[in-house]
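# Understanding the architecture of this molecule
Listed below are the residues making up each chain.
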Amino acid sequence: MNVAVVEAYTGLARRVLAGPARLGRTRLVAVDGPSGAGKSVFATRLADALATVPGGGRPPLVRTDDLLDGWDDQLTFWDRLEEWVLGPVRAGRAGGYRRYSWVRRRFGDRVVPVPAAPVLIVEGVSAARAAVRPELTLAVLVTAPAGLRLSRALARDGAQVLPELRRWHAGERAHFAADGTRAAVDLVVDGAPDVPHDPGRYYVRAGRRPGSDDVAG
């Protein structure tokens, strides 16, 4: 039997602010999960909630898709994230990165600043990988059924990317299986809930689903 609980983004924001800073003086939040699960929406709404909580403020939000050097850089972008963002913030300095253009197939010239704020959110596939877990204040995994994730991705990027998407999804499955992500995160979120709720203010925390392929499938 699946167990789902509706929780408020503001409550999670308070939990983050009450947690320990482990990336230098910054509370690092990782929003992980497979393509099309709903990571981007969840991360944005959590950032919105942090902006409204007393003592908070809207945190910088880094999307790892902006750091990928094309389709073949699915997991190997991490050194770039470390050099451009995590390393400087850990040392109490502002970081910054150049956003990759999937149209021009190169990194842009403009540097997107990432201040050393009280909270930093990193969203993307493998954001909560084992290498960074000791420095995370909160690790979130957003899940959804494989078929729905594929249809969402095709609606967003177009049918022409289907061969790349299939290869991408295979890479995700291999990563999550080897990384043990689901067992290691603090919170698993249902990215396709059928529970009535206000999605702008609340998310649905998913129960463990034995035999589920939401991540591995």
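You'll find the structure just up there.
First, a word on scope: everything that follows refers to the structure included in this document. (Residues numbered from 1 in each chain as written. Predicted model: local features only at pLDDT ≥ 70, side-chain atom pairs only at ≥ 80, totals over all residues. Heavy atoms only, no water.)

### Things to note about the overall build of the protein chain
Assigned secondary structure in the protein chain consists of 6 helices and 9 strands. Taking 17 Å as the expected radius of gyration for a compact globule of 217 residues, we find that the protein chain reaches 17 Å, a close match to that expectation. Residue pairs at least 24 apart in sequence account for 73% of intrachain contacts in the protein chain once pairs closer than 6 positions are excluded. With an accessible surface of roughly 10300 Å², the protein chain has 52% of that area assigned to carbon and sulfur atoms. Placing the 31 positive and 24 negative side-chain charges of the protein chain at their respective mean positions leaves the two points 4 Å apart. (Helix = DSSP H or I, 4+ residues; strand = E, 2+ residues; numbered from the N terminus. Rg over C-alpha atoms; globule rule 2.2 N^0.38 Å. Contact = heavy atoms within 4.5 Å. Areas by Shrake-Rupley, 256 points an atom, 1.4 Å probe, with all protein chains shown as cover. Lys, Arg positive; Asp, Glu negative; His and termini not counted. Charge placed at Lys NZ, Arg CZ, Asp CG, Glu CD.)

### Structural notes on the nonpolar core
Among the nonpolar cores identified, the biggest contains 32 residues, and Leu28, Val62, Leu81, Val85, Leu86, Tyr97 and Leu120 are the most heavily contacted of them. Mapped onto this core, the elements with two or more residues apiece are β2 (27–32), α3 (78–90), β4 (95–101), β5 (106–114), β6 (119–123), β7 (136–143) and α5 (162–179). Element by element, the count of residues in this core is highest for α3, at 6 residues. Once residues lying within four places of it in the same chain are set aside, the contact partners of valine 85 are Val62, Arg80, Tyr97, Val114 and Leu120. Residues Tyr9, Ala13, Leu17 and Val119 belong to the second largest nonpolar core, which totals 24 residues. (Core = buried A, V, L, I, M, F, W, Y, C linked by side-chain atoms within 4.5 Å. Buried < 20%, exposed > 50% of the residue type's maximum accessible area, 1.4 Å probe, protein only.)

### What about the packing of helix α4 (residues 146–157) against α5?
Angle between the axes and distance between the axes are the two parameters that describe a pair of packed helices. Running from N to C, α4 and α5 point in directions that differ by 140°, and their axes come no closer than 11 Å. With respect to each other, α4 and α5 are oriented oblique. Where α4 crosses over α5, the two elements pack in a sense that is right-handed. Across the interface between the two elements, Arg149, Leu150, Ala153 and Leu154 of α4 pack against Leu162, Leu165, Arg166, His169 and Glu172 of α5. (Axes fitted to C-alpha atoms, helices over the stretch in contact; angles between N-to-C directions. Parallel < 35°, antiparallel > 145°, perpendicular 65-115°, else oblique. Left-handed = near helix turned anticlockwise from the far one by under 90°.)

### Quick word on the environment of alanine 128
Along the polypeptide, alanine 128 turns up in the loop between β6 and β7. Through-space distance from the C-alpha of alanine 128 to that of alanine 184 is 8.8 Å; in sequence the pair is 56 residues apart. In contact with alanine 128, not counting residues within four places along its chain, are Ala30, Asp32, Arg133, Leu136, Ala139, Asp179 and Val185.

### Considerations on the environment of tryptophan 168
Here tryptophan 168 lies in helix α5. According to the relative accessible area criterion, tryptophan 168 is buried, its value standing at 7%. Each C-alpha atom, one on tryptophan 168 and one on serine 35, is 8.4 Å from the other, the two residues being 133 residues apart in sequence. Those residues in contact with tryptophan 168 that sit more than four places away from it in its chain are Ser35, Leu68, Trp71, Gln74 and Val125.

### A short note on the packing of aromatic side chains
For the structure on display, the rule yields 9 aromatic pairs. Summarising the aromatic geometry, the rings of tryptophan 71 and tryptophan 168 are spaced 5.6 Å apart at their centres and angled 85° between planes, so their arrangement reads as edge-to-face. Separated by 97 residues along the polypeptide, tryptophan 71 in the loop between β3 (61–63) and α3 and tryptophan 168 in helix α5 bring together distant segments of the chain. Relative to tryptophan 78, the ring of phenylalanine 77 lies with its centre 5.8 Å away and its plane at 55°, an arrangement referred to as tilted. With relative accessibility at 11%, the residue tryptophan 78 sits in the buried group. (Phe/Tyr/Trp six-rings, centres within 6.5 Å; stacked < 30°, edge-to-face > 60°.)

### Description of the pairing of strand β8 (residues 187–190)
Side chains of β8 alternate between two faces, with Leu187 and Val189 and Val188 and Asp190 buried alike. As paired elements, β7 and β8 share 4 bridges and run parallel to each other. Residue pairing in the sheet places valine 142 in a bridge with valine 189 of β8. (Pairing = 2+ DSSP bridges.)

### Overview of unusual backbone geometry
Apart from glycine, the bulk of residues carry a negative phi angle, and the bulk of peptide bonds sit in the trans form. In this model, arginine 105 sits at a positive phi of 60°, which is unusual for a non-glycine residue. Locating arginine 105 in the fold gives a position in the loop between β4 and β5. Phi at serine 126 is positive, roughly 80°, even though this residue is not glycine.

What is shown is where atoms sit, not what they do.
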